[in-house]
Amino acid sequence: MNKRVTTADFRRMKQEGKPIAMLTAYDYSMASLVDAAGIDTILVGDSLGNVVLGYDSTVPVTVDDMVHHSRAVSRGVKRAMVVCDLPFLSYHVSREESVRNAGRLMQEGLAHAVKLEGGSEVADKVKAITDAGIPVMGHLGLTPQSVHQLGGYKVQGKDGDAARKLLEDAKSLELAGAFAIVLECIPQQLAKTISESLSIPTIGIGAGVHCDGQVLVINDLLGMFSDFTPKFVKQYANLKEQIIGACSSYVEEVKAKSFPGPEHVFNMKEEELKKLY
Ligand code: KIV
């Protein structure tokens, strides 16, 4: 069995200039496939609110939802580090509540680390959670849990002041004990500056190639989610077409009674059949 990827590997990979590959997964089957592909870390993202649960944002996602999916993912993963998102409002009210919710993701969700959104305003929560022995990944730039405050899914840090604030936020997360930071939807020049200013790795999504690693939502990469496709997504497959094609062949064959075929059925011995009749 391969050795489990840890936060120490993250540090080493940054020092050695080796990029970190991260993808989301939300269930056992997908997590085991992504793990088998050699991914370094799997994020049980609260993006499951959009791509699995069908909400129009991540705001309705609960700690119970995250525990449920993280537990399924963790059972499918042998090598990758499993990072689970703390959802909306699960780390804002108090340090105590933040530690308790992070603890649930670790104990019940079997995650190896948690991720939360925000900068200096959540630094005290990052410190409290890491003081409890739970590794924390930060998330800056476009922070989807604040979509209603940000006024939509927009590129962040485009002007000098906003960029400087994000750089300061990144430093305060590092100081508070975060082991890595996701940078979402920010100009690549800013992502480069932040990455070069920190000793912990940055993981980019829509932040360019100068981050220390990259992350994508698995449903986007596989072409399974078409409600919206951000500019930063590269689609490596078009499973949507294949899944619809496979399902419509199934429907046709069921209607035509050509499925199941002789190779899919079970037979009784003649003498047992006689007893039945
Ligand atoms: O929830 C998620 O999938 C994320 C990634 C987009 C980084 O936070």
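Residues numbered from 1 in each chain as written. Predicted model: local features only at pLDDT ≥ 70, side-chain atom pairs only at ≥ 80, totals over all residues. Heavy atoms only, no water.

### Thoughts on the overall build of the chain
Working step 1: Each helix and strand in the chain was counted, giving 12 helices and eight strands.
Working step 2: The proportion of buried residues among the 277 residues of the chain is 47%.
Working step 3: Relative to all contacts within the chain whose residues are 6 or more apart in sequence, the contacts with residues 24 or more apart total 59%.
Working step 4: Charge separation in the chain, taken as the distance between the mean sites of 30 positive and 34 negative side-chain charges, equals 4 Å. (Helix = DSSP H or I, 4+ residues; strand = E, 2+ residues; numbered from the N terminus. Buried < 20%, exposed > 50% of the residue type's maximum accessible area, 1.4 Å probe, protein only. Contact = heavy atoms within 4.5 Å. Lys, Arg positive; Asp, Glu negative; His and termini not counted. Charge placed at Lys NZ, Arg CZ, Asp CG, Glu CD.)

### Re a nonpolar patch on the surface
Working step 1: There is a patch of nonpolar side chains on the surface, built from Tyr250, Val251, Val254 and Phe259 and spanning about 350 Å² of accessible area.
Working step 2: Mapped onto the secondary structure, Val251 falls in helix α11 (residues 239-255).
Working step 3: We classify Val251 as partly exposed; its relative accessible area is 43%. (Patch = residues over 30% accessible without salt bridge, like charges linked within 9 Å, V, L, I, M, F, W, Y side chains within 5 Å. Areas by Shrake-Rupley, 256 points an atom, 1.4 Å probe, with all protein chains shown as cover. Salt bridge = Lys/Arg side-chain N within 4 Å of Asp/Glu carboxyl O.)

### Some words on the site of the ligand
Working step 1: Near the ligand you find Thr24, Leu43, Gly45, Asp46, Ser47, Asp85, Lys115, His139, Val182, Glu184, Ile205 and Val217, and these make up its full shell.
Working step 2: Measuring from an oxygen atom of the ligand, one finds a side-chain N or O atom of Asp46 at 3.1 Å.
Working step 3: Within the side chain of Asp85, a nitrogen or oxygen atom sits 3.1 Å from an oxygen atom of the ligand.
Working step 4: When the ligand sits alone it has 260 Å² of accessible area, and the protein chains cover 96% of it.
Working step 5: Across the shell around the ligand, the residue classes tally to four nonpolar, four polar and four charged. (Near = heavy atom within 4 Å. Polar contact = N/O pair within 3.5 Å; in protein donor to acceptor, adjacent residues only side chain to side chain. Nonpolar A, V, L, I, M, F, W, Y, C, P; charged D, E, K, R; others polar.)

### A short note on unusual backbone geometry
Peptide bonds are trans in most cases, and residues, glycine excluded, mostly fall at negative phi.
Working step 1: Geometrically, the link from Phe259 to Pro260 is a cis peptide bond, its omega value of -5 degrees lying close to zero.
Working step 2: Relative to the elements of secondary structure, Pro260 occurs in the loop between α11 and α12 (270-276).
Working step 3: Non-glycine residue Leu110 carries a positive phi angle of around 60 degrees.
Working step 4: Counting through the fold element by element, Leu110 comes out in the loop between α5 (95-107) and β4 (113-115).
Working step 5: Non-glycine residue Cys185 carries a positive phi angle of around 55 degrees.

### Re the sheet that holds strand β7 (residues 202-205)
Working step 1: Within the closed barrel, the eight strands sit side by side as β1-β2-β3-β4-β5-β6-β7-β8. Their pairing is parallel. Strand-to-strand twist in this sheet, taken as the mean axis angle between neighbours without regard to direction, amounts to 25 degrees.
Working step 2: Note that strand β1 (residues 20-24) and strand β8 (residues 213-216) share four bridges and pair parallel. What sits directly across from Met22, in β8, is Val215.
Working step 3: The strands touched by helix α8 (residues 160-176) are β5 (136-141) and β6 (180-184); relative to β5, the strand with the most contacts, the crossing angle is about 175 degrees. (Pairing = 2+ DSSP bridges. Axes fitted to C-alpha atoms, helices over the stretch in contact; angles between N-to-C directions.)

### Considering the domain arrangement of the chain
Working step 1: Segmentation of the chain into domains returns domain 1 (7-238) and domain 2 (242-276).
Working step 2: If you average the C-alpha positions of domain 1 and of domain 2, the two centres end up 45 Å apart. (Domains from an automatic or database assignment.)

### Thoughts on the side chain of Lys125
Working step 1: One can find Lys125 in helix α6 (residues 123-131).
Working step 2: Setting aside anything within four residues of it in sequence, one finds Lys125 in contact with Tyr91, His92, Ser94, Arg95 and Ser98.

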